[in-house]
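Notes for the structure review
Listed below are the residues making up each chain.
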Amino acid sequence: MKKMKARPRNKPFDAKERQYLCGLDAVDACTEKPITWNQAFIAYAIKELVRGCAPSDIFRRAGCGPEVIGSKRIERCAARWRKKLEKQQEQEKHDEQES
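Residues numbered from 1 in each chain as written. Predicted model: local features only at pLDDT ≥ 70, side-chain atom pairs only at ≥ 80, totals over all residues. Heavy atoms only, no water.

1. Structural notes on a negative patch on the surface
As a reminder, the rule being used: Only residues above 30% relative accessible area that lack a salt bridge enter a patch, with like-charged residues linked at up to 9 Å and the nonpolar side chains Val, Leu, Ile, Met, Phe, Trp and Tyr linked at up to 5 Å. What sets the accessible areas is the Shrake-Rupley method with a 1.4 Å probe; for residues, cover comes only from the shown protein chains. Any Lys or Arg side-chain nitrogen found within 4 Å of a carboxyl oxygen on Asp or Glu counts as a salt bridge. A residue counts as positive if it is Lys or Arg and as negative if it is Asp or Glu; His and the chain ends are not included. Taken as the charge location is NZ of Lys, CZ of Arg, CG of Asp or CD of Glu. Strands here mean DSSP runs of E at least two residues long; helices mean DSSP runs of H or I at least four residues long; both are numbered from the N terminus. Burial classes: relative accessible area under 20% of the type maximum marks a residue as buried, over 50% as exposed, and values in between as partly exposed (1.4 Å probe, protein chains only).
A surface patch of like charges, here negative, comprises E92, D95, E96 and E98. Turning to its location among the elements, E98 is positioned in helix α5 (residues 71-98). Exposure remark for E98: the relative accessible area of 59% places this residue in the exposed category.

2. Brief notes about the nonpolar core
Here is the rule: Buried Ala, Val, Leu, Ile, Met, Phe, Trp, Tyr and Cys residues form a nonpolar core when they are joined through side-chain atoms within 4.5 Å.
Core analysis: the biggest nonpolar cluster contains 24 residues, and W37, F41, F59, I69 and W81 have the highest contact counts within it. Within the residue set of this core, elements represented by two or more residues are β1 (27-30), β2 (35-37), α2 (39-51), α3 (55-61) and α5.

3. What to know about α2
Rules: An expected span of 1.5 Å times one less than the residue number is assigned to each helix. It is the directions from the helix axis to the C-beta atoms that the arc portrays. Every residue pair with non-hydrogen atoms within 4.5 Å of one another is taken to be in contact. Contacts described as polar in this section are N or O atom pairs within 3.5 Å, which, within protein, must combine one atom able to donate a hydrogen with one able to accept it, while residues neighboring in sequence count only if both atoms come from side chains.
For α2, built from 13 residues, the straight-helix expectation of 18 Å at 1.5 Å per residue is met to within 8% by its first-to-last C-alpha distance of 19 Å. Of all the positions in α2, only F41, I42, A45, I46, E48 and L49 are classed as buried. In an axial view of α2, the angular spread of the buried residues amounts to 165 degrees, which keeps them on one side of the axis. Those residues of α2 that are exposed and angled more than 90 degrees off the buried face are Q39, A40, K47, V50 and R51. Close packing links the buried residues of α2 with β2, α3 and α5. Between a side-chain oxygen at the N-terminus of α2 and the backbone nitrogen of A40 the separation is 2.7 Å; the capping residue is N38. G52 sits one or two positions beyond α2 and adopts a positive phi of about 100 degrees.

4. Quick notes on the pattern of salt bridges
Using the criterion set out here, one finds 6 salt bridges in the structure. A salt bridge links E17 to R7; the shortest N-O distance between them is 2.7 Å. Note that E17 is positioned in helix α1 (residues 15-22) and R7 in the segment before α1, a separation of 10 residues in sequence. A network of salt bridges, in which partner residues are shared, links E48, R51 and R61.

5. Here we look at the layout of surface pockets
Keep this limit in mind: Throughout, the protein atoms alone are placed on a 1 Å grid, and a set of points is a cavity if a 1.4 Å probe fits but cannot get out or a pocket if it is open with protein on both sides within 12 Å along at least five of seven lines; lining residues have an atom within 4 Å of a point. Grid points are joined across faces, edges and corners, and a volume is the space filled by probe spheres set on the points. As a working rule, the residues Ala, Val, Leu, Ile, Met, Phe, Trp, Tyr, Cys and Pro are called nonpolar, Asp, Glu, Lys and Arg charged, and the rest polar, with Gly in that last group.
Approximately 170 Å³ is the volume found for the largest pocket. Together, R7, P8, R9, N10, K11, K33, P34, I69, G70, S71, K72 and R73 line the largest pocket. With 3 residues, α5 is the single largest residue contributor to the lining of the largest pocket. Considering only residue class, the lining of the largest pocket consists of 3 nonpolar, 3 polar and 6 charged.

6. Notes on the side chain of E48
Locating E48 in the fold gives a position in helix α2. Of the residues examined, E48 reaches a relative accessible area of 9% and is grouped as buried. Setting aside residues no more than four positions away along its own chain, E48 makes contact with C53, I58 and R61.

7. Let's talk about the pairing of β1
Moving residue by residue along a regular strand, the side chains alternate between the two faces of the sheet. To keep things clear, this is the line we draw: We call two strands paired when DSSP finds no fewer than two bridges between them.
Here β1 runs beside β2; their pairing, made up of 3 bridges, is antiparallel. Each residue of the ladder has a partner; that of C30, found in β2, is I35. The turn linking β1 back onto β2 is made up of 4 residues.

Structural measurements only, silent on function.
This is the structure in structure tokens:
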């Protein structure tokens, strides 16, 4: 099986790609550059990341793998969401200690 190439970085999404992305459950909105992810997808992705799933596999299952949106975008989303989870956990730990 031939491995598909990842999308080039910084390439704007054309109208057809935006239409495709906006039709996915994981996406709330998409313009030429930014994608607004659905909060339910973010929560799902975070759970899968915690379980040890590869970010590209999570996005691929949602219909937007590196072939569609690029590997760097997936990498940055995963890093941002992991950081968000760490901050939430730190805040919960801090709140627990104050109680």
